[in-house]
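Listed below are the residues making up each chain.
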Amino acid sequence: WCLLGLVAILMVIYGVLFAAYASGLSLPILADCAACQLELRALSLDSHGYYNDDAGEARSGRAYRYSGTHAHFTRALSKSAAAAACAAENAQLAVPSSAAEERLLGCIMGSDSYGAWIGRAPSVAAIGEYSNWAAGAEPPYNPKVCVNRNPWGWVVMECERRYHYICERG
C-alpha cells in the first residue's frame, strides 16, 4: 500500500508539472541555467567569495555573496544573526532594487529553493519602488516577520528561522 501511495503522489506531481508546461507557465525553480552561467562569468569573484557586479546586466557596482556557496560562509542563521554576519564583513543583507538585480541574486543562489534572508522590510512597496513579492505574499508591515527571497519571489518568515542569506556591499 505504501508503494501505491507513493506512485499516486508522483502521478499528481507529474500531472501538475505537465499542466503547467502545457499551459505555457514557467516554473521559477527551473531557472535558465545557461543564462545564469553567462551572467556569472561576466562578474569577477574576489578572494572572499563576493561576486562583483561591475560588468553584469544589473551593473549595480555592488558585490554579493550567498552564504550557501562559499566554503567559509555556509551556516544558516536567523535574520538578526545573518545581518550581524554581513556587518562583520562591512556588508549588509542584500536589498534588490531592480528586476535585473533580482535575476542576478537568483543566479548566485543557484538551485536553492529554501530561500535566503534579504534586507527588505516586510511592507508594501511605495509607488515606483521595486518589489518582487510572491503571489499572495505581500504583507502589511509587521516587525515580527522578516523577508526571505526564494525562487518564487519574496515571502515573510519568522525571523528566528534559520536560512542562508545574501550579503551586499558597495
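What you are looking at is a predicted structure, and each value in this text was computed from that prediction instead of being measured. (Residues numbered from 1 in each chain as written. Predicted model: local features only at pLDDT ≥ 70, side-chain atom pairs only at ≥ 80, totals over all residues. Heavy atoms only, no water.)

Peer 1: Explain the nonpolar core here, please?
Peer 2: Nonpolar side chains tend toward joint burial in soluble globular proteins. Core analysis: the largest hydrophobic core is formed by 19 residues, its most contacted members being Leu-40, Tyr-64, Tyr-66, Leu-104, Ile-108, Trp-154 and Ile-166. Elements supplying a minimum of two residues to this core: α2 (33-41), β3 (63-66) and α4 (99-109). With five residues, the single largest contributor to this core is α4. Counting residues in each nonpolar core, the second largest holds 18 residues, with Ala-85, Trp-117, Cys-146 and Tyr-165 among its members. (Core = buried A, V, L, I, M, F, W, Y, C linked by side-chain atoms within 4.5 Å. Buried < 20%, exposed > 50% of the residue type's maximum accessible area, 1.4 Å probe, protein only. Helix = DSSP H or I, 4+ residues; strand = E, 2+ residues; numbered from the N terminus.)

Peer 1: Any chance you could explain the packing of aromatic side chains here in plain terms?
Peer 2: On inspection of all chains with the given rule, the structure shows three aromatic pairs. With 5.3 Å between their ring centres and 90 degrees between their planes, Trp-117 and Tyr-163 make a pair best called edge-to-face. Here Trp-117, found in strand β5 (residues 116-117), pairs with Tyr-163, found in the loop between β7 (153-158) and β8 (164-169); they are 46 residues apart in sequence, far enough to count as distant. The burial state of Trp-117 is the same as that of Tyr-163; both residues are buried. Aromatic pair Trp-133 and Trp-154: ring centres 5.6 Å apart, planes at 85 degrees, arrangement edge-to-face. Of this pair, Trp-133 sits in the loop between β5 and β6 (145-150) while Trp-154 sits in strand β7; the two residues are 21 residues apart in sequence, bridging distant segments of the chain. (Phe/Tyr/Trp six-rings, centres within 6.5 Å; stacked < 30°, edge-to-face > 60°.)

Peer 1: Would you mind going over the confidence of the model for the chain with me for this structure?
Peer 2: Low pLDDT means the predicted coordinates in that region are not meant to be read closely. Confidence in the prediction of the chain, expressed as mean pLDDT, is 76, and 69% of residues score 70 or more. Scored below 50 in pLDDT, residues 16-30 shows nine contacts in the model against residues more than four places distant or in partner chains. (pLDDT = per-residue confidence, 0-100. Contact = heavy atoms within 4.5 Å.)

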